[in-house]
Amino acid sequence: MVMKLEYDRSLHEREYRAGPFEITEEMVQAFNRSIRETTPIFTDRAAAQAAGYRSIVAPPTLCTLLVRQVQLPGLDLKFGRMQFHAGQRVRPRAPIVAGDVLVALSRLKEVYPKTGRTGTMVFIVWETTFQNQDGVVVAEVQESYARRE
């Protein structure tokens, strides 16, 4: 039997914009310290410039900090009492460099039920694309949330 989910389906047709997010060298260095990144192009401006970048390069997972600042609407989903973060995937597309200014464009990708050994849950998947000041897509972040009774 297929479960009929009740939620605001018009959200599939909308895009949500956030930003601009200015990527500073200080932000990149703080993130590097938090993940113990030591690769020279990520930590040393001279090494990054020698490799052809205008400044230090941010690790691609820096977008996981920015995606939290995107305000997404509620789905008005008629299922479950508890929601939790179920996963995240980052797909790097181009280097993010200190000095870049990014914008985020988010959209509801899918909402689907799944039944496992603990019962039925509904998964909500949002996809956010980050573009730099030149319109180049630098990363795609997919976040999944699960709702259960």
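The notes below deal with the structure included here.

Some thoughts on the nonpolar core
Thought 1: With 20 residues, the main nonpolar core has F21, I23, I96, L102 and F130 as its most contacted residues.
Thought 2: Counting residues in hydrophobic clusters, the runner-up holds 13 residues, among them Y16, V111, V122 and Y145.

Some details on the pattern of salt bridges
Thought 1: Within the structure shown, the criterion is met by 9 salt bridges.
Thought 2: D76 is the salt-bridge partner of K78, the closest N and O atoms lying 2.9 Å from each other.
Thought 3: The exposed category is assigned to D76, whose relative accessible area is 55%.
Thought 4: E127 is the partner of R107 in a salt bridge, and the nearest nitrogen-oxygen pair spans 3.3 Å. Separated by 20 residues along the polypeptide, R107 in strand β5 (residues 101-116) and E127 in strand β6 (residues 119-131) bring together distant segments of the chain.
Thought 5: Because the salt bridges share partners, they merge into one network encompassing R89, R107, K109 and E127.

Regarding unusual backbone geometry
A negative phi angle is the norm for most residues apart from glycine, just as the trans form is the norm for most peptide bonds.
Thought 1: Between G19 and the following residue, P20, the backbone shows a cis peptide bond with an omega angle of 10°.
Thought 2: Here P20 is to be found in strand β1 (residues 16-22).
Thought 3: The phi dihedral of R36 is positive, around 60°, even though this residue is not glycine.
Thought 4: Here R36 lies in the loop between α1 (25-35) and α2 (40-43).
Thought 5: Overall, the relative accessible area of 74% leaves R36 in the exposed class.
Thought 6: Here the phi dihedral of D76 falls at roughly 60°; this positive angle occurs in a residue that is not glycine.

Observations concerning the sheet that holds β6
Thought 1: Spatially, β1-β5-β6-β7-β3 is the arrangement adopted by the 5 strands of the open sheet, whose pairing is antiparallel. The open sheet is flanked by β1 and β3 (82-92), the only strands paired with a single partner. Each strand axis lies, on average, 25° off the axis of its neighbour in the sheet, ignoring direction.

Rules used in this analysis
- Positions within a chain are numbered from 1, following the residues in the order the chain's sequence is written.
- Where local features are concerned, this predicted model is filtered to residues with pLDDT of at least 70; where side-chain atom pairs are given and counted, the filter is 80 or more; whole-chain, interface and lining totals use all residues.
- Computation of side-chain values: all heavy atoms of the structure, hydrogens and water removed.
- Take the buried residues of types Ala, Val, Leu, Ile, Met, Phe, Trp, Tyr and Cys, join any two whose side-chain atoms come within 4.5 Å, and each joined set is a nonpolar core.
- The classification of residues rests on relative accessible area computed with a 1.4 Å probe and restricted to protein chains. Under 20% of the type maximum is buried, over 50% is exposed, and intermediate values are partly exposed.
- Each salt bridge in this description consists of a side-chain nitrogen of Lys or Arg and a carboxyl oxygen of Asp or Glu lying within 4 Å of one another.
- The secondary structure listing takes helices from DSSP runs of H or I that are at least 4 residues long and strands from runs of E that are at least 2 residues long, numbered from the N terminus.
- A pair of strands counts as paired when DSSP detects no fewer than two bridges linking them.
- The convention used is that axes are lines fitted to C-alpha atoms, helices contributing only their stretch in contact, and that angles between N-to-C directions extend from 0 to 180 degrees.

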